[in-house]
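Coordinates in review
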Amino acid sequence: MTTTTVDSSRTEHGSMKYVVGLSIVAALGGLLFGYDTAVISGGIGFLRAYFSLDAAETGWAASSALTGCLIGAAIAGWISDLSGRKRALMIAAILFTVSGVWSALADSLSSFALARIIGGVGIGMASLVCPLYIAEIAPAASRGKLVSINQFAIVSGILVVYFVNYFIANANTEPWNIQYGWRWMFGSETLPAVVFLVLLFVVPESPRWLVKQGKNESALGTLTRLGGKEHADRELASIREVIAQERGTTTQLFQPGMRIILVIGVVLAILQQVTGINVFMYYAPEIFKQLGSGTNAALLQTIIIGAVNLTFTIVALYTIDRFGRKPLMIIGSTGMGLSLAALGLAAYLQKTELWVLLFILGYIASFALSMGPVVWVVLSEIFPTHIRGRAMAIATLTLWAANYLVSQTFPMINESPWLVENFHHAAPFWLYALFCLVTIVFVVMFVPETKGKSLEEIEQMWRSRRAAAQDE
Ligand code: BGC
């Protein structure tokens, strides 16, 4: 059986700039993902005062977007399989735009929450379709790096909105911020959303999706622009060959051979979240304060977290295709686990200040180097083309659900009287450290290395494994 390895040198000589350009446009969806999830941290206090919200209403104002993310992740797979990756991205861009304008103009909590849910649907969709689209246009040799651009964009979005929030809040008085400041924070998202929508008009549809629709001519045109004529002919033949072997239905997702791929994707998605990243993304200032810092220091330390996250994502970008997915995940999870164990120990011994910051930064750097980008890369590449959208939807939906669970339960674990009495706030960190250990074992035992393989080769790899298992 013939398979195709993409000739990276050809692509480099041909249209690598074009591939990178398209990846950057798609990654703007990732930027909006980061921007829209983190904007709440700056606006929530003013919003609370403006609408006179109680604790439960404040929680709803903050978490309504997450409800939308679940919906978005659930429908994005089907939309992107049925109407194409490009159209799905356009829908997400429209939802971000509507949400940005609407949330800025909201005159009641329910109107605001609805606007946030709409934006959340956009986030959920973008979190799935952006890496998927990039993986489908990228040459094998640099697919990891290109998909990681999306993670880079997520992290940049988080950092940018943090500064935007900071500048809006600092340039104005408290009453003005309560009246208008939060509106500008949420409304500011409209600008990148519109830029994203406009740029999407010049982006081509994914060639793999086109072949599935029988539009071979258009697919060939795009493949030629991506990698040159020779590459395009080879890739088209390879994609057609793989698609011809597919008997794709949704139920196939749950058949024995496929089930293992789905389980790997879903478990990795859960592990990315239960190792605790968003506890730091969403609660960092509170954690710093709890461990001894003042408010200003806590805000400054939060900026440092964002900067370290960004820096080490760049390191991942340059190592993922060289070292491979597995080594990065193993090294990163080890660093995350050790940092969390040490952080837990500091909390247990009630030691504070500098050590705490160092352990948290060690954890963030290790995440940014590994589980952050690599999980999204693996999710975008391990599923066969005909079920990729739907399988990724299940994995992404699980990822958001796990995110929700962790964010919801952190304050409960952290403030549980019995745990505090016995462990002094160490319990959540040690729990997440335990999941890092699970991650290492799981990656070593079950996750295949996909570095340098074309998507069709990965698909063939699963098929041969299935055949070998049936022969036994
Ligand atoms: C995760 C997000 C997280 C972000 C932080 C992403 O890979 O999916 O949940 O907020 O990384 O950098």
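Values in this document were obtained by computation on a predicted structure and should not be read as measured data. (Residues numbered from 1 in each chain as written. Predicted model: local features only at pLDDT ≥ 70, side-chain atom pairs only at ≥ 80, totals over all residues. Heavy atoms only, no water.)

What about the overall build of the chain?
Broken down by element type, the chain carries 21 helices and zero strands. Projected onto its principal axes, the C-alpha coordinates of the chain cover approximately 65 × 45 × 40 Å. Put simply, the chain has 472 residues, and 60% of those count as buried. Excluding contacts between residues fewer than 6 apart, the proportion of contacts in the chain whose partners are at least 24 apart in sequence is 83%. (Helix = DSSP H or I, 4+ residues; strand = E, 2+ residues; numbered from the N terminus. Buried < 20%, exposed > 50% of the residue type's maximum accessible area, 1.4 Å probe, protein only. Contact = heavy atoms within 4.5 Å.)

Concerning the site of the ligand
In the region of the ligand, the neighbouring residues are Gln151, Val155, Gln272, Gln273, Asn278, Met281, Asn309, Phe367, Gly372 and Trp376. One of the side-chain N or O atoms of Asn309 is found 3.1 Å from an oxygen atom in the ligand. Here an oxygen atom of the ligand sits 3.0 Å away from a polar atom, N or O, in the side chain of Trp376. The fraction of the free accessible surface of the ligand (320 Å²) that becomes covered by protein chains is 98%. (Near = heavy atom within 4 Å. Polar contact = N/O pair within 3.5 Å; in protein donor to acceptor, adjacent residues only side chain to side chain. Areas by Shrake-Rupley, 256 points an atom, 1.4 Å probe, with all protein chains shown as cover.)

Topic: the packing of helix H6 (residues 143-171) against helix H7 (residues 174-187)
In contact at an axis separation of 10 Å, H6 and H7 are set at 155° when each is read in the N-to-C sense. As judged from the angle between their axes, H6 and H7 are roughly antiparallel. As H6 packs across H7, the resulting crossing turns out to be right-handed. Mapping the contact onto sequence places Asn165, Ile168 and Ala169 in H6 and Trp176, Asn177, Gly181, Trp184 and Met185 in H7. Classifying every residue of the contact of H6 with H7 by side-chain character gives five nonpolar, three polar and no charged. (Axes fitted to C-alpha atoms, helices over the stretch in contact; angles between N-to-C directions. Parallel < 35°, antiparallel > 145°, perpendicular 65-115°, else oblique. Left-handed = near helix turned anticlockwise from the far one by under 90°. Nonpolar A, V, L, I, M, F, W, Y, C, P; charged D, E, K, R; others polar.)

Comments concerning the pattern of salt bridges
Scanning the entire structure with this criterion turns up 13 salt bridges. Where Glu230 meets Arg234, a salt bridge forms, and the shortest distance between an N and an O atom there is 4.0 Å. A residue pair is termed a helical-turn pair when its members lie 3 or 4 positions apart in one helix, as Glu230 and Arg234 do in helix H11 (residues 229-244) at four residues. Here the residues in one salt-bridge network are Asp81, Arg85, Glu136, Arg388 and Arg390, joined through shared partners. (Salt bridge = Lys/Arg side-chain N within 4 Å of Asp/Glu carboxyl O.)

Observations concerning the nonpolar core
Proteins that are soluble and globular tend to have nonpolar side chains buried together. One finds Leu268, Phe280, Ile360 and Ile364 to be the most contacted residues of the largest nonpolar core, which totals 121 residues. Ranked by the residues each element gives to this core, the list is headed by helix H5 (residues 109-137), at 13 residues. When residues no more than four places from it in sequence are discounted, the contact partners of Ile364 are Ile277, Phe280, Met281, Ile305, Val308 and Asn309. Formed by 18 residues, the second largest nonpolar core is a distinct cluster that contains Tyr35, Val39, Leu53 and Ala106. (Core = buried A, V, L, I, M, F, W, Y, C linked by side-chain atoms within 4.5 Å.)

Side note on the packing of aromatic side chains
All chains considered together, the criterion is met by 17 aromatic pairs. An aromatic cluster is built from Tyr50, Phe51, Phe112, Trp182 and Phe186, whose rings are joined through pairwise contacts. The residue whose ring lies beneath Arg183 is Tyr50, and the NZ or CZ to ring-centre distance is 5.1 Å. The ring of Tyr18 has Arg225 lying over it, and the distance from NZ or CZ to the ring centre is 4.0 Å. (Phe/Tyr/Trp six-rings, centres within 6.5 Å; stacked < 30°, edge-to-face > 60°. Lys NZ or Arg CZ within 6 Å of the ring centre and 35° of its normal.)

Regarding helix H8 (residues 190-200)
An α-helical segment advances 3.6 residues per turn. Residues three or four places apart therefore align on the same side. Among the residues of H8, those classed as buried are Thr190, Pro192, Ala193, Phe196 and Leu200. The arc that holds every buried residue of H8, seen down its axis, measures 165°, which confines them to one face. What points out from H8, more than 90 degrees from its buried face, is the exposed set Leu191 and Val198. Buried-residue contacts for H8 involve helix H2 (16-51), helix H4 (85-105) and H7. (Arc of directions from axis to C-beta.)

Points about the packing of helix H12 (residues 256-274) against helix H20 (residues 427-446)
Two elements in contact, H12 and H20, have axes separated by 9 Å at closest approach and are oriented at 155°. Looking at the two axes, H12 sits roughly antiparallel to H20. The element H12 and its partner H20 pack so that their crossing is left-handed. For the pair H12 and H20, the contacting residues are Ile264, Val267, Leu268, Leu271 and Val274 in the first and Tyr432, Phe435, Val438, Thr439, Phe442, Val443 and Phe446 in the second. For the contact of H12 with H20, the residue count by class is eleven nonpolar, one polar and no charged.

Description of the confidence of the model for the chain
Detailed reading of the predicted model is not advised wherever pLDDT is low. Mean pLDDT over the chain stands at 88; residues scoring 70 or higher make up 93%. Low pLDDT, under 50, characterises residues 1-12; the predicted model gives this stretch 35 contacts beyond four residues in sequence or across chains. (pLDDT = per-residue confidence, 0-100.)

Points about the environment of Ala73
Here Ala73 lies in helix H3 (residues 55-82). Residues Ala73 and Ala395, spaced 322 residues apart in sequence, show a C-alpha to C-alpha distance of 8.8 Å. With near-sequence residues (within four places) excluded, Ala73 lies in contact with Gly124, Met125, Leu128, Ala393, Thr396, Leu397 and Trp400.

Focus on unusual backbone geometry
Even without being glycine, Ser52 reaches a positive phi, approximately 50°. Within the secondary structure layout, Ser52 lies in the loop between H2 and H3. Its identity as a non-glycine residue notwithstanding, His424 has a phi of 45°, on the positive side. Structurally, the position occupied by His424 is in the loop between helix H19 (417-423) and H20. By relative accessible area, His424 is classed as partly exposed at 25%.

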